[in-house]
Amino acid sequence: MVTAKTLGQSCKPRNEVLSGELTDAMFAARLNDVFQGKAHETYQQPDQFFANTYPTEEAKSFLRQALGRLSGKDPTANSMFRLGTTFGGGKTHTLIGLYHLVSSTPSPAVLSKLEIDPSIILATKPKVVTVVGDDLNPSDGVEKGGVRVRNLWGEMAYQLGGRDGYMKVADSDGITGRSPNADFLEELSGGQPLLIMIDEPAVYMRKMPNPGQLPAFMKALSEWVDSSSNTVLVYTLASTATSDGPPDAFAQETQELALAMGEVQSVLARPERVVTPTQPRDIEPILRQRLFESVDIGAAEEVADAYFNALQDAHAKEAPLPVKVLQASYRDELVRTYPFHPSFVEVLNGKLNTIPNFQRTRGALRLVSRIIRGLWNNNRTDGYLIHPFSADLGSADMLDELTGRLDRAAFRSVADADISASGGQAHAQVIDSDRFSGHAPYTQRAATTVFLHSLVEPPARGADVDEVLAATLTPTDDPSHIEKSLQYLADDAWHLDYEGQRYFFQTEPSLNKIVIDETNTILVSDARSEVERRIRQTWQNAGLSAVYFPSQAAGVDDRQNGRLVITHWDSAEYSTNASEVPPLVQEIADY
């Protein structure tokens, strides 16, 4: 008997999650929209922004240092910061947080949450320059106040001094876009604290007619910032391809900028600090903070006990399980990731995160918000954790998120055929209906888990039997049913395959599908004739004179030597538990 609280009892999602108002546009924060006062209130209003934000340890440290440098209260703080991670990893979100702290008066509650000493908050607001690379147009320029701004330095000068400020770099901001030195900033800042934030410079660099000018300007800018006592430069540079994440779409530009900035570090008094706003360990608290209004963390202890005991019991019954889920530390993991199952977090960080279109934290928020909405709106909150199988592949919205958005469109037919179809005729659904009636939908759960693991490329594709069992088992389940469901599905599914103990879905048809397709092309009459032909061929050299398919006893002539009589299945049927021989056989024997 499980006494732990269910999801419905311990968690309350935010209203915008349940209503679907948490749109894709709300996940994609834009720094310039906030700077210009036209962002969604979720990002535009400081109190609401920080209420929805989970401040990671790395982000809090960065904010404290940047504010300390601007205010002059921490002269040892870095003057330059590079926010580096893959797209969707929290860079822009962190920039917006810094912007709100310097452009508004943060409440004591916000400062406490961010662990910021109120004394480092500037009494006089600093000048702020925000530039987003994607908004620049170095070829045609952007009309602003009677001038046409093309390049990064032109935009910075215009923001600081309007038309007059722009004229100081107008010659350098022409179509050739030759990089100026950074002295113009000294005059335009007037010695006041200055915060410069440059988002997505690699995107801008790709659009430049003469892209080599950007690294040159960034070097000059770095040296000027280093010489200023109250200026902070923050720029973003996506990480290049790594083993644990997707490649940067602007990898060449990113590498050139990184090389240029690396060269200038040796001449600076204090080198830049590289900040990674979010780490893999931050994903669960970020999801909790942004998607739930409240989560009863106290319930996590009882839920963790229930799951850990279920795993121990399954192990005692010799169910295949990974070694790590049987160790005491796994119970702690269940508490830490609550209300998400650890295997669900592993799929997000270790599998889906490697798909370029997923976009890391942003992709996780988008996917999980849909899962939560599906669970609560369809009254499926009687479970205890959010598992990989919580993704309802019968939902067109969910399936589009996992296939269309991730450029895996071919997998839509896989889900329809083998996991969940609107008419209930997908193979997993049929197996659950026929073999597990009255129980949990074990086959659909196992299949959905394997499906999520199959969206990535080899060798990461798929999941072992023990992984599937650990990710699917709940405190009320019989582990043997889950094992059997996979075996049944392997026999019937059209797209499920396995290598050793590793199961995976593929878009190409499996042997099951090929056999069924070939069978359907053969006429029954042709199949009948072929079986009859093979029977004759098999028994033609049996050592006895064979009589094939007599329809009556008279068809067997009376001879003294022995004969082999083979009756047709249309004329005589016999089963192992029959008590009497078929009538035709008896007639032939008596004839």
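Along each chain, the written sequence defines residue order, and numbers are assigned to residues from 1. Given that the model is predicted, a residue must reach a pLDDT of at least 70 before its local features are reported, and side-chain atom pairs must reach 80 or more before they are shown or counted; all residues, however, enter totals for whole chains, interfaces and linings. To get the side-chain values, all heavy atoms of the structure are used, and hydrogens and water are removed first.

*Asks:* Please provide a residue-by-residue account of the overall build of the protein, values included.
*Replies:* Only DSSP runs of H or I with at least four residues qualify as helices, and only runs of E with at least two residues qualify as strands; both kinds are numbered from the N terminus onward. Scanning the protein from N- to C-terminus turns up 28 helices and 14 strands. Relative to the compact-globule value of 25 Å for 591 residues, the protein shows a C-alpha radius of gyration of 34 Å, a clear excess of over 25%. Contact between two residues is taken to exist if any of their heavy atoms lie within 4.5 Å; hydrogens are not considered. In the protein, 69% of the contacts between residues at least 6 apart in sequence involve partners at least 24 apart. Per-residue and other accessible areas were derived by the Shrake-Rupley procedure at a 1.4 Å probe size, with only the shown protein chains allowed to occlude residues. Accessible surface computed for the protein: about 26800 Å², of which carbon and sulfur atoms make up 48%. Residues counted as positive are Lys and Arg, residues counted as negative are Asp and Glu, and His and the chain ends are not counted. Charge placement uses NZ in Lys and CZ in Arg. For Asp and Glu, CG and CD serve respectively. Computed over 54 positive and 78 negative side-chain charges, the inter-centroid distance for the protein is 6 Å. Radius of gyration here is computed from C-alpha atoms only, and the compact-globule reference equals 2.2 Å multiplied by the residue count raised to the power 0.38.

*Asks:* Can you lay out the environment of Pro-277 for me, pointing to particular residues and giving the numbers?
*Replies:* Position of Pro-277 relative to the elements: it lies in the loop between strand 8 (273-275) and helix 15 (283-291). Sequence spacing of Pro-277 and Pro-55 is 222 residues, and the spatial spacing of their C-alpha atoms is 8.9 Å.

*Asks:* I'd like a description of the packing of helix 22 (residues 427-435) against helix 23 (residues 442-454), backed by residues and values.
*Replies:* Lines fitted to the C-alpha atoms define the axes, with helices restricted to the stretch that makes contact. Angles between their N-to-C directions range from 0 to 180 degrees. Running from N to C, helix 22 and helix 23 point in directions that differ by 150°, and their axes come no closer than 7 Å. Our classification of the angle between helix 22 and helix 23 gives roughly antiparallel. Of helix 23, the residues touching helix 22 (which contributes Ala-428, Gln-429, Ile-431 and Asp-432) are Tyr-442, Thr-443, Gln-444 and Ala-447. Gly falls in the polar group here, along with every residue not listed as nonpolar (Ala, Val, Leu, Ile, Met, Phe, Trp, Tyr, Cys, Pro) or charged (Asp, Glu, Lys, Arg). The residue makeup of the contact of helix 22 with helix 23, split by class, is 4 nonpolar, 3 polar and 1 charged. Comment on the angle field: the value is read as roughly parallel under 35 degrees, roughly antiparallel over 145, roughly perpendicular from 65 to 115, and oblique elsewhere.

*Asks:* Tell me about the sheet that holds strand 6 (residues 194-199), residues and numbers included.
*Replies:* Strands qualify as paired when DSSP identifies two bridges or more between them. The strand order 3-6-7-2-8 describes an open sheet built from 5 strands, whose pairing is parallel. With partners counted over all chains shown, the strands left at the sheet margins are strand 3 (127-132) and strand 8, one partner each. On average, each strand axis in the sheet is tilted by 15° relative to the strand beside it, whichever way the strands run. Strand direction decides the pairing type here: strand 3 and strand 6, joined by 6 bridges, are parallel. Residue pairing in the sheet places Lys-127 in a bridge with Leu-194 of strand 6. Set on the sheet, helix 8 (residues 91-103) makes contact with strand 2 (80-83), strand 3, strand 6 and strand 7 (231-236); between it and strand 6 the angle comes to about 160°.

*Asks:* Can you break down unusual backbone geometry residue by residue, with the values?
*Replies:* Here the residue pair Tyr-338 and Pro-339 is connected by a cis peptide bond, since its omega of 5° sits within 30 degrees of zero. Following the sequence through the fold, Pro-339 ends up in the loop between helix 17 (328-337) and helix 18 (342-351). Pro-459 follows Pro-458 through a cis peptide bond whose omega is 5°. Look at Glu-115: it is not a glycine, yet its phi comes out positive at around 60°.

*Asks:* Before we move on, can you summarise the packing of aromatic side chains with the specific residues and values?
*Replies:* A pair of aromatic rings is counted whenever rings of Phe, Tyr or Trp (Trp by its six-membered ring) have centres within 6.5 Å, and the orientation is called stacked for planes under 30 degrees apart, edge-to-face for over 60 and tilted otherwise. In the structure shown here, the tally under the stated rule is 14 aromatic pairs. Look at Phe-35 and Tyr-99: their rings are 5.9 Å apart centre to centre, the planes differ by 75°, and that puts the pair in the edge-to-face class. With Phe-35 in helix 4 (residues 31-35) and Tyr-99 in helix 8, this residue pair connects regions lying 64 residues apart in the sequence. Centre to centre, the rings of Tyr-498 and Tyr-503 are 5.4 Å apart; their planes meet at 45°, and the pair counts as tilted. With relative accessibility at 8%, the residue Tyr-503 sits in the buried group. Under the scheme applied here, a residue whose accessible area is under 20% of the maximum for its type counts as buried, over 50% as exposed, and between as partly exposed, the area being computed with a 1.4 Å probe on protein chains only.

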